[in-house]
Amino acid sequence: MSDLVFLLPELVLAGTALVLILIARHVSRAQAVAVSVVVAAMAAIFSGWAFTPEAPEAPAAMTVVFGGTIAADGYARFFKVLFAATLALAALLSVKHVDTERVPPAEYYALLLLASTGMMLAASAADLLILYLGLELMILCAYVLVGITVNRPIANEAAIKYFLLGSFASALLLYGIALVYGVTGATDFAAIASAVSERNLTRHPFMLAGLALMAGGLAFKIAAVPFHAWAPDVYQGASAPVAAFLAAGSKAAGLAALVRVCLAAFAPEQRIWSEMLAGLAVLSMIVGSLLAISQTNMKRLLAYSSIAHVGYALLGLVTGTPDGASATITYAFIYSFMTLGAFGVVIALGERGEDLLAYRGLAATAPVTAALMFLFLLSLTGIPPTAGFVAKFAVILSAVRGGHVVLAVVAVMCSVVSAFFYLRVAVMMYMMEPQGAAPARVPGAVAAALAVAAFVTIVGGILPDTFTAWTVPPSLGKTPTEITRALTR
Amino acid sequence: MGILAGQSAFYYLAAVSVASAILAITRRNPVHSMLWVLALFVHVAGIFLLLGAEFLAAVQVIVYAGAILVFYLFFLMLLDLPVEAAGPPFGAHWPLCAAAGLAFAAFAWYAHDPGLVPAMQPVEPATRSPGSLRSIGMALFTQFALPFEITSLILLAAIVGAVVVAKRKNVP
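Residues numbered from 1 in each chain as written. Chains lettered and ligands numbered in written order. Predicted model: local features only at pLDDT ≥ 70, side-chain atom pairs only at ≥ 80, totals over all residues. Heavy atoms only, no water.

## Observations concerning the overall build of chain A
Looking only at helices and strands, chain A features 19 helices and two strands. The globule rule puts the C-alpha radius of gyration for 489 residues at 23 Å, and the 21 Å found for chain A is close to it. In terms of its C-alpha atoms, chain A occupies a principal-axis envelope of roughly 70 × 55 × 40 Å. Across the 489 residues of chain A, 64% fall into the buried class. Summarising the internal contacts of chain A: among those between residues at least 6 apart in sequence, 81% fall at separations of at least 24. Accessible area of chain A: about 17,000 Å², with a carbon and sulfur share of 70%. Here chain A contributes 25 positively and 23 negatively charged side chains, and the mean placements of these two sets differ by 5 Å. (Helix = DSSP H or I, 4+ residues; strand = E, 2+ residues; numbered from the N terminus. Rg over C-alpha atoms; globule rule 2.2 N^0.38 Å. Buried < 20%, exposed > 50% of the residue type's maximum accessible area, 1.4 Å probe, protein only. Contact = heavy atoms within 4.5 Å. Areas by Shrake-Rupley, 256 points an atom, 1.4 Å probe, with all protein chains shown as cover. Lys, Arg positive; Asp, Glu negative; His and termini not counted. Charge placed at Lys NZ, Arg CZ, Asp CG, Glu CD.)

Following this line, the structure appears as structure tokens:
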């Protein structure tokens, strides 16, 4: 029972979702629900912070609870805070959209809460079973959220595409898990790692096939090339707040799961997954950056940018060192906030925010919104005073230190390409004549979310060491005696 | 039951499973295909029974044959496809699909080699005697209580999602 304390953030979110489902009939306005969701997210952050032990002090053997299926380490805590913050910002960004699109508010927010619960579980899983269930909970809610908009054919199409491809990717992941279980006889990360190294299964064909299938399934979740085809359509079809939530939250959840699986379960096969991930990273960076150039829809542009950013984030993990993993999760954290900010500006501009040409002359009609967009674009490009630079610098540095100089060169070249399409929006905003009337006033909730995102983007850039204390790599699980005890139980 | 009887039962079940699977994908009439799939499910349940997994066999019959197959048949009848409009049974990609299937078969054959995959400790007969249902229940509510609860959340999300998506026609 005492183990439940470590799942308090998940319990808070799931409990709030259950209450919302119960009272759904009596809720008609989104505002009150959004406030309760933000409060729940705050409570989740607090409980995650208060009850999870500090990673450095706690011995590695103490960090696994629930019979070795849940890791209670600093890594899990970091991602729980990130997911709760993403949830709070997405809840704020959604208020206006839920009211105008006639989406049932209680159900919408309940699905957001359950999706965040799934992300938290996936990030804290120390067992392939929990990992799969957490990711499945997340993506099942995401399918519905993408298609929840009333009477929009493009949203229905996006939801169907997402569902079909997502089910296929889930099947890949599950088949990979089954193969790994078949060879090692365990779903526990630590037990898999020790079975592989003790019985020398590193080159076992089933192990390789299982690893490749799992990498494919997880690459779908983070939209890495060649598993990216769904992302532009889904981001464009989904309403902007849902797209923001997916771009920030589900991507970070996929990265969290990938980093932990690679480092904790497949540590003996580091050479193999390192090469696989290097391939994914190079393809994602190049394809994402090149295809983003020709986009005319802001949400599609941000979708391709998210594909390229996953490539950068993977650079840290490719090295396979704890420092590299820290760089990757720092990237996931900072990317979440800057992409939430960029989507927030799209939401703030309303319908016209989706068309790239609508940004012409925005600096004259809405100077504050334009300045915020400029900040997020600078950060996405990776230009110094912003957090995006710090994140990109960290992953490229770890790639160079790990001896992957070619990857680092590709990353820098893709950043140069990406500067073209990010800064083109800035040129449109600041150097062209305004088109049409000034946009309507930004709603208070959206303004609050934008302020938080901008704050993180600026602080992360000016004080780069702010986050390094939190971004600890995953603990590597249990000592061998703990494993035998878990197996005999 | 003698070893010979068990073996011949297995070979009968396996042969009929493979045959009905092949028939299921080659019939032009979708309802006939579904009925062959039903035969496949029942025979696979028989294989589970031979392995001593009574619960799995019952689930196979109740869930797959009972629920999922009926669901498919409902859809087929709602769509009401005329036989000639059903189109060719195989799409343009069938060589690719056949290759994937053969790869699966090769993979399974490879797994058959006993030296490659370590032997699992067989379940002791003493713990198995109360019936597999009881041991599944015990495992589900002790060791796997947390995954069980997460699964219930997944089902809840699926129900809420289905209601939200289905209800929207009534929104004025």
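## What about the packing of aromatic side chains?
All names here are of chain A. Enumeration over the complete set of coordinates arrives at 22 aromatic pairs over all chains. Between Tyr235 and Phe343, the aromatic rings sit 6.3 Å apart at their centres with planes inclined by 75°, giving edge-to-face as the arrangement. Of this pair, Tyr235 sits in helix H9 (residues 230–237) while Phe343 sits in helix H13 (residues 322–348); the two residues are 108 residues apart in sequence, bridging distant segments of the chain. You'll find Tyr235 and Phe343 in the same group, each marked buried. Between the aromatic rings of Phe374 and Tyr430, the centroid separation amounts to 5.6 Å while the plane-to-plane angle is 65°, which identifies the pairing as edge-to-face. One end of the pair, Phe374, is in helix H15 (residues 367–381); the other, Tyr430, is in helix H17 (residues 405–431), with 56 residues separating them in the sequence. You can call Phe374 partly exposed: its relative accessible area is 30%. Within the aromatic cluster, the residues linked to one another by ring pairs are Tyr143, Tyr162, Phe163, Phe220, Trp230, Tyr235 and Phe343. Over the ring of Tyr312 we find Lys392, and its NZ or CZ is 4.2 Å from the ring centre. (Phe/Tyr/Trp six-rings, centres within 6.5 Å; stacked < 30°, edge-to-face > 60°. Lys NZ or Arg CZ within 6 Å of the ring centre and 35° of its normal.)

## Focus on the interface of chain B and chain A
Facing 26 residues of chain B, the contacting portion of chain A comprises 37 residues. A buried area of about 2,700 Å², summed over both sides, lies between chain B and chain A, and 81% of it is on carbon and sulfur atoms. Linking chain B with chain A are zero salt bridges. The set of elements that each furnish at least two residues to the side of chain B that touches chain A consists of helix H4 (94–112) and helix H7 (145–167) of chain B. No other element matches H7 of chain B, which puts 14 residues into the side of chain B that touches chain A. Looking at the side of chain B that touches chain A residue by residue, the classes come out as 22 nonpolar, two polar and two charged. (Buried area = accessible area lost by both parts, 1.4 Å probe. Salt bridge = Lys/Arg side-chain N within 4 Å of Asp/Glu carboxyl O. Nonpolar A, V, L, I, M, F, W, Y, C, P; charged D, E, K, R; others polar.)

## Quick notes on H17 of chain A
The end-to-end C-alpha distance of H17 of chain A, which contains 27 residues, comes to 38 Å, matching closely the 39 Å that a straight helix rising 1.5 Å per residue would cover. Along H17 of chain A, the sharpest kink reaches roughly 25°, centred on Leu423 of chain A. (Expected span 1.5 Å × (residues − 1). Bend = angle between axes of the 7 residues up to and from the residue.)

## Remarks on the confidence of the model for chain B
All names here are of chain B. Residues at a pLDDT of 70 or more form 79% of chain B, whose mean pLDDT is 81. Element-level mean pLDDT values for chain B span from 49 in helix H5 (residues 125–128) up to 91 in H7. In the predicted complex, the global pTM is 0.89; the interface-specific ipTM is 0.88. (pLDDT = per-residue confidence, 0-100.)

## Some details on the environment of Ala41 of chain A
All names here are of chain A. Positionally, Ala41 belongs in helix H2 (residues 30–51). Linking Ala41 and Tyr108, residues 67 residues apart in sequence, is a C-alpha distance of 15 Å. Not counting chain neighbours up to four residues away, the residues in contact with Ala41 comprise Leu13, Ala84, Leu87 and Ala88.

## Considerations on the nonpolar core
Soluble, globular proteins show a tendency: their nonpolar side chains are buried together. With 202 residues, the main nonpolar core has Phe79, Tyr109, Tyr162, Phe266 and Tyr359 of chain A as its most contacted residues. Here this core gets 20 residues from one element, more than from any other, and that element is helix H10 (residues 240–265) of chain A. Apart from residues lying up to four places away in sequence, Tyr162 of chain A is in contact with Ile139, Ala142, Tyr143, Val146, Ser167, Phe220, Trp230, Val234 and Leu246 of chain A. Counting residues in hydrophobic clusters, the runner-up holds eight residues, among them Met34, Ala65, Leu69 and Leu76 of chain B. (Core = buried A, V, L, I, M, F, W, Y, C linked by side-chain atoms within 4.5 Å.)

## So, the side chain of Glu136 of chain A
With respect to the helices, strands and loops of the structure, Glu136 of chain A is situated in helix H5 (residues 128–147). The charged side chain of Glu136 of chain A is buried without a salt bridge, its nearest counter-charge being Lys221 of chain A at 5.0 Å. Setting aside residues no more than four positions away along its own chain, Glu136 of chain A makes contact with Ser170 of chain A together with Ile154 of chain B.

## A closer look at the pattern of salt bridges
Residues and elements named next belong to chain A. Evaluated as defined, the whole model comprises eight salt bridges over all chains. A salt bridge links Arg260 to Asp73, with the nearest nitrogen and oxygen atoms 3.1 Å apart. Residue Arg260 is located in helix H10, and its partner Asp73 is located in the loop between strand S2 (70–71) and helix H3 (74–100); the two are separated by 187 residues in the primary sequence. Of the charged contacts in the structure, one is a salt bridge between Arg300 and Asp233, with a shortest N-O distance of 3.2 Å. Taken together, the positions of Arg300 in helix H12 (residues 298–318) and Asp233 in helix H9 put the pair 67 residues apart, joining distant regions of the chain. Taken together, the shared-partner salt bridges in this structure form one network comprising Glu157, Lys161, Asp233 and Arg300.

## Focus: the packing of helix H16 (residues 387–401) of chain A against H17 of chain A
All names here are of chain A. At their nearest, the axes of H16 and H17 sit 9 Å apart, and the two run at 155° to each other. When the axes of H16 and H17 are compared, the pair comes out roughly antiparallel. Of the residues in H17, those in contact with Lys392, Ile396 and Val400 of H16 are Ala408, Ala411, Val412 and Ser415. Residue classes in the contact of H16 with H17 are distributed as five nonpolar, one polar and one charged. (Axes fitted to C-alpha atoms, helices over the stretch in contact; angles between N-to-C directions. Parallel < 35°, antiparallel > 145°, perpendicular 65-115°, else oblique.)

## What to know about the environment of Leu164 of chain A
Residues and elements named next belong to chain A. You can see Leu164 is positioned in helix H6 (residues 153–184). By relative accessible area, which is 54% here, Leu164 ends up exposed. Counting along the chain gives 292 residues from Leu164 to Val456, while the straight-line C-alpha distance between them is 36 Å.

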